[in-house]
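Close look at the chain arrangement
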Amino acid sequence: MPAKPSAKPAAKPLWKTSGSVIHRRGLFARSAIAKGEPIIEYVGERISKAESSRRTEAQELKARKKGGGAVYIFDVNKRFDIDGNVSWNPARLINHSCEPNCEAIQTGNRIWIHALRDIAAGEELSYDYGFDLKIWRDHPCLCGSSKCVGYIVARRHWKRLASILEKQRKPAKGSAATTVPKGRKAAKAVRARKPA
Ligand SMILES: [Zn+2]
């Protein structure tokens, strides 16, 4: 079933790739971008849920060994996910930030990266990867924002992460230094926001 285009691409790309201070390469605004504007579609291979679990676990294992946020799978619907880890998906180069200027929005079965605010030409594009708290340790954040919480974790988990980190700094007498459960579960595919 062909998906309906959810956003009209600009005649000229609004983005360009360049070296990033956050992580290797990134996407940057080629020109000024207005708040809400669709910038680039997050494309990739459509894969089954079973295949998605297998790949997410493999990517997580790799990230755990090498560090970084190498999880590229978006949850799309009950039947399939999108694995954006393909050369023809430049959107995979967009880095995570704790203070992002973009967000991933899903319309139908397609995911677009939209401007969360007005973006000036030359700014690096970023969105919240929305990772689960269970895997925080594997994904240190280097976004450089003054609001950086130190790890790539969805905003809804920030409070909980702060209390975990606080307890690690000041372990209570006679207790283990951490409250994080030992058996970490594999990451789940991330979800784009769906407009109401
Ligand atoms: Zn950060």
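Residues numbered from 1 in each chain as written. Predicted model: local features only at pLDDT ≥ 70, side-chain atom pairs only at ≥ 80, totals over all residues. Heavy atoms only, no water.

A look at the sheet that holds strand S11 (residues 190–191)
Sheet strands pair by backbone hydrogen bonding; their relative direction is either parallel or antiparallel. In space, the four strands of this open sheet follow the order S4-S6-S5-S11, with mixed pairing throughout. In this open sheet, the two strands that pair with only one neighbour each are strand S4 (45–48) and S11. Note: S4 against strand S6 (residues 80–83), four bridges, orientation antiparallel. Across the sheet, Glu-45 pairs through a bridge with Asp-83, a residue of S6. Where helix H1 (residues 49–66) meets the sheet, it contacts S4, strand S5 (73–75) and S6, and its direction lies at approximately 105 degrees from that of S4. (Pairing = 2+ DSSP bridges. Helix = DSSP H or I, 4+ residues; strand = E, 2+ residues; numbered from the N terminus. Contact = heavy atoms within 4.5 Å. Axes fitted to C-alpha atoms, helices over the stretch in contact; angles between N-to-C directions.)

Side note on helix H2 (residues 158–169)
The end-to-end C-alpha distance of H2, which contains 12 residues, comes to 16 Å, matching closely the 16 Å that a straight helix rising 1.5 Å per residue would cover. All of the buried residues along H2 are Trp-158, Leu-161, Ile-164 and Leu-165. Burial along H2 is one-sided: seen end-on, the buried residues are contained in an arc of 120 degrees. (Expected span 1.5 Å × (residues − 1). Buried < 20%, exposed > 50% of the residue type's maximum accessible area, 1.4 Å probe, protein only. Arc of directions from axis to C-beta.)

Thoughts on the coordination of the zinc ion
Ideal geometry at a metal gives 109.5 degrees between four tetrahedral donors and either 90 or 180 degrees between six octahedral ones. Donor atoms from the polypeptide that coordinate the zinc ion comprise Cys-98 (SG), Cys-141 (SG), Cys-143 (SG) and Cys-148 (SG), at 2.3 to 2.4 Å from the metal. Sequence spacing of the donor residues for the zinc ion, all on one chain, is C-x42-C-x1-C-x4-C. You can see Cys-98 sitting in the loop between strand S7 (95–96) and strand S8 (102–107) and its partner Cys-148 sitting in the loop between strand S10 (126–127) and H2, a full 50 residues away along the chain. Residue classification places Cys-148 among the partly exposed positions, given a relative accessible area of 26%. (Donors = N, O, S within 2.8 Å, 3.2 Å for Na, K, Ca; no water.)

Some words on the sheet that holds strand S3 (residues 38–42)
Here we have three strands laid out as an open sheet, ordered S3-S9-S8, and antiparallel in their pairing. Two strands lie at the open edges of the sheet, namely S3 and S8, each paired on one side alone. For this sheet, the mean inter-axis angle between neighbouring strands, taken without regard to orientation, is 30 degrees. Inspection of the sheet shows S8 paired to strand S9 (residues 110–115) by six bridges, in the antiparallel sense.

Some words on H1
Three- or four-residue spacings in an α-helix give side chains the same orientation, since the helix completes a turn every 3.6 residues. End to end, H1 covers 25 Å across 18 residues, agreeing with the expected 26 Å (1.5 Å per residue, within 8%). Those residues of H1 that sit buried are Ser-52, Arg-55, Thr-56, Gln-59, Glu-60 and Ala-63. Angular distribution of buried residues about the axis of H1 spans 140 degrees; they occupy a single face of the element. For H1, exposure combined with an orientation more than 90 degrees from the buried face picks out Ala-50, Arg-54, Lys-62 and Lys-65. Taken together, the buried residues of H1 touch S4, S5 and S6.

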